[in-house]
Amino acid sequence: MSSILDVHNLTKTYKNGSNTLTVLDEVSFTIEKGATFAIVGPSGSGKTTLLGLCAGLDRPTTGWVSLDGHELHKLNEDQRAALRNQTVGFIFQNFQLIPTLTALENVMVPMELNKTAGAKSKAMDLLAKVGLAERHHHYPTQLSGGEQQRVSLARAFSNHPKILFADEPTGNLDEETSEKVVNLIFDLNKEAGTTLVLVTHDLELAQRTQRVIRLKGGKIVADQLNVA
Amino acid sequence: MKDFTWLLKMAWRDSRRSRSRLFLFISSIILGVAALVAIQTFSDNLQQDIDEQARTIIGADLVLNSNRQFPPDIVAIMDSIGGEQSSQVSFASMVFFPKSQGTRLVEVRAIKGNFPYYGEIDTDPSQASRQFQDSKQALVDRTLLLQFSSNTGDSIRVGDLGFGISGSVLDAPSQTGITATVAPPVYIPLQYLESTGLIKKGSRIRYSRFIKFDDPSQVGAVMEAVRPRLEKEDIDIDTVQSTKEDLGETFGNLTKFLSFVAFAALLLGCIGVASSVHIYVKEKLDTVAVLRCIGAKGPQALWIYLCQIIAMGLLGSVIGAAGGSALQLLLPTVFSDFLPLDVSLSISWQAIFNGIVIGLTISILFALVPLIKVRRISPLRVLRSGYESADDRDPLLWSIYVCIFGFVLAFSYWQGIGDWGDAFVFTLALLAAFAILSLVAKLITWAIRKFFPTNWNFIWRQSLANLYRPQNQTLILIVSIGLGTALIATLYFVQQLLISQVSFSSRGDQPNMVLFDIQTEQTAAVSQLATAHDLPLIQEVPIVTMQLIEVNGHTKSDAVEDTTIAYPKWAFNREYRVTYRNHLIDSEELAEGTWDSTSMENRDTIFISMDQGFAENMKVSLGDELLFNVQGAPIKTVIGSFRKVEWNRVQTNFLVVFPKGILEEAPQFHVLMTKVNSPEKSADFQREVVSQFPNISIIDLNLILSTVNEILDKVAFVIRFMALFSILTGLIVLISSVIISKFQRIKESVLLRTLGAQKKQIMAINALEYFFLGSLASTVGLLLALASTWALAYFSFDSTFVPSLWPLLMVYVIITGVTMLIGLLNSKGVLSKPPLEVLRSEI
Ligand SMILES: Nc1ncnc2c1ncn2[C@@H]1O[C@H](COP(=O)(O)OP(=O)(O)O)[C@@H](O)[C@H]1O
Ligand SMILES: [Mg+2]
């Protein structure tokens, strides 16, 4: 199987006056197409930073990332945006729905950016899949956290992404809701054959993926395969 | 294309929840556009009315005026023109009302013929204006009749002759409310002028001939043939065409000034647009980041918001234009006392179009400054809220700044300054004010952080810290409130300055009565009469009237034909009233040259002294040769000195002063100034003078002063009326910046509430924060206003500006108070809701 994400010697440092803070230190790994993958580690260990670099939301200090065969450092901001639009889906801890759009419209946005035909009916289908068909006209503030996260899940899958990045998708949710959302993520993922990169500090959740890497102080301290 | 419709759709959707806020920013340009459209509509209508009514203003196709009797050959020329003609001789004189024993200065118009040919002298009864010439009858201004409780049928004495009053004048050609109050008109038949005994050499008399052509289209051709001959005799030629041009110029200046005031309102509106869009964009940063994250390109994000701005800008401009068109209904009422014509009310599509284009341009240009950031919002914000990409300067921003600079420059030129250099200076000054305010804001945030008073109590510390915390509004609020304060205060100070310039300084020992047209042989007797009435002889000066023929050998026609000769045409057209003396008086001082040279001892050259400002306007310098025509005798003179004259003192001041020993024998009249303490004494003395010397005119300065004050009040009202727009716009800008900034403060207030802060504490924190902002901004704004007013006073009005404390304090208190008030009203909205609801609501 070919790889979809290639991370090579990735280092990220922040300058703070005279201090240099190394957040990621020479991180390397490769993810195969269709795999499920978890990044775990304590808060502040650099998980979000790593995810941001993998998705091309930020530039590394040194090292490079290759996403679906595109070396991100060779693309400009707009090209990376286009790549994200076509190949990447996102789920965030704090949902990040656009507060001024309804649930349905939030799901439609990536398809509309992509000029996909029939965006509305597809978006309705997706909302139905996450169980929110009858809430489509509600604004994010009218939805509970779990519902918001399900809308963002629908949005993430709307463009048939090859890879889905999820940054602590259940961090803001209670246990029961988490369970529902996680199941949805894995179900939709299986159905679409998407690669999943899951950032979490929930070890139980991490066990449901095929491979787990553990970050600590910006370094990979463990890389383990789960037996299904 | 499909992309574009999607952008429109996104813009529409995104605006749904924030339309009221979008409207807020656009409301700040509504008033500016309204003021602009109102003024321009008024000015368009005025121009059209001038074109239509010029004929009735001069009352004939051609009017010839002269300060001397027309020579026989000119009379022959005029007679040969044919058509219908009327003659008029007019001058200022005292009249006497036997019924009430009152005397008053009026303008006597002795007339023969059917003038006016267009329009009419509006009298009561109406047939009086056509019949009074048949017998010894007079038409008297209505307010004059009221003042001396006389009626039609009573009598009036003009010079040595009594006339029956056959009608009261309600309105006459080229008459405004103001001219009629200073010297109200009295019409008498020309055939009786001789026997009034008022025509003596030296009095200032105006001879006019009104001509109605059988074929008015011939005026131009006929005038071309005789113009050189007429101009040689210093005869003024007024045609319908030249009246249009003169009026157009005069009122063009008026409307230009007013549209400049409207422009100030619009500029304030620009600040409002920029500051509120700035804050709007800050709110939208996260939305844009999400859009970017899921693949929207920078320009796409920009367009979504630009579409919103364009729509709102258009809406605001259209509302403004509609409001402005309605507003112009008020303007003619405000101006009626100044205008010699009736202004019609109609919609000017040109003005509306201009207003909308300007409003839209301004919204887009000024909104782009903050909006352009949207292109570069990092998608990383999605993961890390508050993340701002490294502040690399956007080159496009500079092109927008250049556009704005160009726009303000072009607009201020076109809108009233009318000179590229001055417009440039004005634009630079605005820029400097902007820079100073930004600098002050930056300095303040830096200083507070550096010298933070850690031992103050929580509330003070919290409100102070709000000034520099991330997401603070310090810069934008200080710049917008400060610039607003500066513009409004400058307008106010300049108004005070203008009013103080024209009002007379009335010190205790100043004269309040002026006797003029005194013949040389009457001077001794008049002085005696004054002394007999216990009146002081404060000043007694001779006056000789003359005409300028050549400057350094150049005549008027040279100056007209040769553009390299800078001497202005008006210098040759005006009448010079000149006195002669060998000393300076206390309202003047020597500015340049030597006064001594004005003495005639052992000298052949006649050195004269000129008012410095006048000489500057006339573009002459020391040593230049001026040739005057003194009632027929040419006199060659050289400019020996310049004087600086304090014109607003009650004095007889002169532009040109001759030395003694030249003009003694020239036809002249004398002016006597005195001071009368009571109205009864004044009436007694006036009556005596008029009965003994009917040719002498008396001006009661108390009367004039109250008239002048009345006029000034009206002028001040017009200025205030226009300034009101700036002030209201400023208020809206203030309200919108503060309201919008609320959305930045809510999160924090809610958090504090959740942590257990009490209502009072949060109110106090907000109030203090806005108090700091309001104080700082209004103080800096006031300092800027003081500086700009001082500069205007020094460079444009040639005077010094002395600020008074109270207005300064007032502006400070009002601006700071309003800022605080609005800030408080704002936080009330947050406090009245439970924190939970606010947390859930979109912020
Ligand atoms: N812009 C920044 N400047 C300085 N330090 C940063 C910045 N962004 C993140 N960090 C630091 O990087 C480290 C890793 O952060 P993050 O990737 O968010 O960790 P995690 O996602 O595991 O919680 C943290 O110590 C954080 O303080
Ligand atoms: Mg994280």
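Look up a bit, the structure's there.
Residues numbered from 1 in each chain as written. Chains lettered and ligands numbered in written order. Predicted model: local features only at pLDDT ≥ 70, side-chain atom pairs only at ≥ 80, totals over all residues. Heavy atoms only, no water.

**Q** I tried to follow the overall build of chain A on my own but got confused; where do I start?
**A** Helices and strands together make up the secondary structure of chain A, namely seven helices and ten strands. When the 228 residues of chain A are sorted by exposure, 55% land in the buried category. Surface accessibility of chain A: about 9,800 Å² in total, with carbon and sulfur atoms responsible for 48%. (Helix = DSSP H or I, 4+ residues; strand = E, 2+ residues; numbered from the N terminus. Buried < 20%, exposed > 50% of the residue type's maximum accessible area, 1.4 Å probe, protein only. Areas by Shrake-Rupley, 256 points an atom, 1.4 Å probe, with all protein chains shown as cover.)

**Q** Is there a simple way to think about the packing of helix H10 (residues 298–327) of chain B against helix H12 (residues 349–371) of chain B in this case?
**A** The description of two helices packed together rests on the angle between their axes and the distance between the axes. Residue and element names in this part refer to chain B. At a minimum axis separation of 8 Å, H10 and H12 run at an interaxial angle of 145 degrees. As for the relative orientation of H10 and H12, their crossing is right-handed in sense. Each of Leu302, Tyr305, Leu306, Ile309, Ile310, Gly313, Leu314, Ser317, Val318, Ala321 and Ser325 in H10 lies in contact with H12, whose residues at this interface are Ile352, Gly355, Ile356, Gly359, Leu360, Ser363, Ile364, Ala367, Leu368 and Leu371. Here the contact of H10 with H12 is composed, by residue class, of 15 nonpolar, six polar and no charged. (Axes fitted to C-alpha atoms, helices over the stretch in contact; angles between N-to-C directions. Left-handed = near helix turned anticlockwise from the far one by under 90°. Contact = heavy atoms within 4.5 Å. Nonpolar A, V, L, I, M, F, W, Y, C, P; charged D, E, K, R; others polar.)

**Q** What exactly am I supposed to notice about unusual backbone geometry here?
**A** The phi torsion of most residues other than glycine is negative, and most of the peptide bonds are trans. Residues and elements named next belong to chain B. Omega for the bond connecting Phe115 with Pro116 falls within 30 degrees of zero, at -5 degrees, which places this linkage in the cis form. The residue Pro116 is located in the loop between strand S3 (102–112) and strand S4 (122–124) in this model. A cis amide bond links Asp124 with the next residue in sequence, Pro125, at an omega value of 0 degrees. Locating Pro125 in the fold gives a position in the loop between S4 and helix H4 (128–131). In this model, Asp534 sits at a positive phi of 65 degrees, which is unusual for a non-glycine residue. Mapped onto the secondary structure, Asp534 falls in the loop between helix H17 (523–532) and strand S12 (539–551). One non-glycine residue, Asn552, lies in the positive phi region at around 50 degrees.

**Q** I'm lost on the interface of chain A and chain B in this one. Help?
**A** How big an interface is tends to be expressed through the accessible area that disappears when the partners come together. Between chain A and chain B, the contact holds 30 residues from the first and 33 residues from the second. A buried area of about 2,900 Å², summed over both sides, lies between chain A and chain B, and 59% of it is on carbon and sulfur atoms. Here chain A and chain B share one salt bridge between them. A salt bridge links B:Arg13 to A:Glu105; its shortest N-O distance comes to 3.6 Å. Taken together, the links from chain A to chain B amount to three residue pairs in polar contact (both at pLDDT 80 or more). If you list the elements that add at least two residues to the side of chain A that touches chain B, you get helix H1 (47–54), helix H2 (77–87) and helix H3 (103–113) of chain A. Sorting elements by how many residues they give to the side of chain A that touches chain B places H3(A) first, with six residues. In the side of chain A that touches chain B, the residues fall into twelve nonpolar, nine polar and nine charged. (Buried area = accessible area lost by both parts, 1.4 Å probe. Salt bridge = Lys/Arg side-chain N within 4 Å of Asp/Glu carboxyl O. Polar contact = N/O pair within 3.5 Å; in protein donor to acceptor, adjacent residues only side chain to side chain.)

**Q** Explain the pattern of salt bridges here, please?
**A** Between side chains of opposite charge, pairing is possible as soon as their charged atoms come close. Residues and elements named next belong to chain B. By the definition in use, this model includes 21 salt bridges over all chains. Here Asp154 makes a salt bridge to Lys99, at a shortest N to O gap of 3.3 Å. Taken together, the positions of Asp154 in the loop between helix H5 (142–147) and strand S6 (155–158) and Lys99 in the loop between strand S2 (84–97) and S3 put the pair 55 residues apart, joining distant regions of the chain. Lys99 sits in the exposed class, given a relative accessible area of 51%. Each member of the salt-bridge network shares a partner with another, and the members are Arg581, Glu588 and Arg643.

**Q** When you look at the sheet that holds strand S4 (residues 62–67) of chain A in this model, what are you seeing that I'm missing?
**A** One key point about sheets: their strands pair by backbone hydrogen bonds, in either a parallel or an antiparallel sense. Residue and element names in this part refer to chain A. On the basis of which strands lie adjacent, the open sheet formed by four strands has the order S2-S1-S4-S5 and antiparallel pairing. Looking at the sheet topology across the chains shown, the edges are occupied by strand S2 (19–32) and strand S5 (70–71). Direction of pairing for S4 relative to S5: antiparallel, over a ladder of two bridges. What sits directly across from Ser66, in S5, is Glu71. The strands touched by H1 are strand S1 (3–16), S2 and S4; relative to S2, the strand with the most contacts, the crossing angle is about 60 degrees. (Pairing = 2+ DSSP bridges.)

**Q** Please explain the sheet that holds strand S6 (residues 88–91) of chain A as it appears in this structure.
**A** All names here are of chain A. Strand order in the open sheet formed by six strands is S6-S7-S8-S3-S9-S10, with mixed pairing between adjacent strands. Every other strand in the sheet has two partners, leaving S6 and strand S10 (219–225) as the edge strands with one partner each. Recorded for the sheet is a direction-independent mean angle of 15 degrees between the axes of neighbouring strands. Note: strand S7 (residues 163–167) against strand S8 (residues 195–199), five bridges, orientation parallel. Following the sheet pairing, Leu164 is matched in S8 by Leu196. Where H2 meets the sheet, its contacts fall on S6 and S7, and the angle it forms with S6 comes to roughly 80 degrees. Its contacts with the sheet put helix H5 (residues 145–157) on S6 and S7, and the angle it makes with S6 is roughly 175 degrees.

**Q** Where do I start with the nonpolar core in this structure?
**A** Membership of the largest hydrophobic core comes to 151 residues, with the highest contact counts inside it found for A:Leu5, A:Phe29, A:Leu50, A:Phe165 and B:Leu371. Counting residues per element, this core draws most heavily on helix H9 (residues 240–293) of chain B, which supplies 23 residues. Each of two domains, domain 1 (1–54 + 251–437) and domain 3 (452–504 + 701–843) of chain B, supplies a minimum of three residues to this core. Leave out the neighbours within four places in its chain, and B:Leu371 touches B:Val277, B:Val281, B:Leu302, B:Tyr305, B:Leu306 and B:Ile309. Counting residues in hydrophobic clusters, the runner-up holds 38 residues, among them B:Ile188, B:Ile205, B:Val226 and B:Ile235. (Core = buried A, V, L, I, M, F, W, Y, C linked by side-chain atoms within 4.5 Å. Domains from an automatic or database assignment.)

**Q** Help me understand a nonpolar patch on the surface in this model?
**A** A cluster of nonpolar side chains, B:Leu805, B:Trp806, B:Leu809 and B:Val813, forms an exposed patch at the surface whose accessible area comes to about 470 Å². Counting through the fold element by element, B:Trp806 comes out in helix H24 (residues 805–831). (Patch = residues over 30% accessible without salt bridge, like charges linked within 9 Å, V, L, I, M, F, W, Y side chains within 5 Å.)

**Q** Sorry, what's going on with the pairing of S7(A) here?
**A** Regular strands show a simple pattern: their side chains alternate between the two faces of the sheet. Residue and element names in this part refer to chain A. Counting buried residues along S7, five of its five residues qualify, which places the element largely inside the surrounding structure. Covered by surrounding structure in S7 are Ile163, Phe165 and Asp167 together with Leu164 and Ala166, the residues of both alternating faces. Both S6 and S7 contribute to a ladder of four bridges, which runs parallel. Opposite Ile91, over in S7, you have Ala166 as the bridge partner.

**Q** I keep staring at the side chain of B:Asn354 and nothing clicks. Help me out?
**A** Residue and element names in this part refer to chain B. Note on placement: Asn354 falls in helix H12. A polar atom in the side chain of Asn354 sits 3.2 Å from the side chain of Gln40. In this view, Asn354 contacts Gln40 and Trp414; residues no more than four positions away in its chain are not counted.

**Q** Please clarify how the environment of B:Leu8 should be interpreted in this entry.
**A** Note on placement: B:Leu8 falls in helix H1 (residues 2–15). Between the C-alpha atom of B:Leu8 and that of B:Leu306, which follows or precedes it by 298 residues, the distance is 9.8 Å.

**Q** Can you walk me through the side chain of B:Gln133 in this structure?
**A** Residues and elements named next belong to chain B. Relative to the assigned elements, Gln133 resides in the loop between H4 and strand S5 (137–141). At 2.9 Å, the side chain of Gln133 forms a polar contact with the backbone oxygen of Gly113. Dropping the residues within four chain positions of it, Gln133 is found in contact with Ile111, Lys112, Gly113, Pro189 and Gln191.

**Q** Would you take a moment to explain a negative patch on the surface for this structure?
**A** Residue and element names in this part refer to chain A. Side chains of Asp174, Glu175, Glu176, Asp202 and Glu204 sit close together on the surface and give a patch of like negative charge. In this fold, Glu175 is placed in helix H6 (residues 175–192). Judged by relative accessible area, Glu175 falls into the exposed class, the value being 73%. (Lys, Arg positive; Asp, Glu negative; His and termini not counted. Charge placed at Lys NZ, Arg CZ, Asp CG, Glu CD.)

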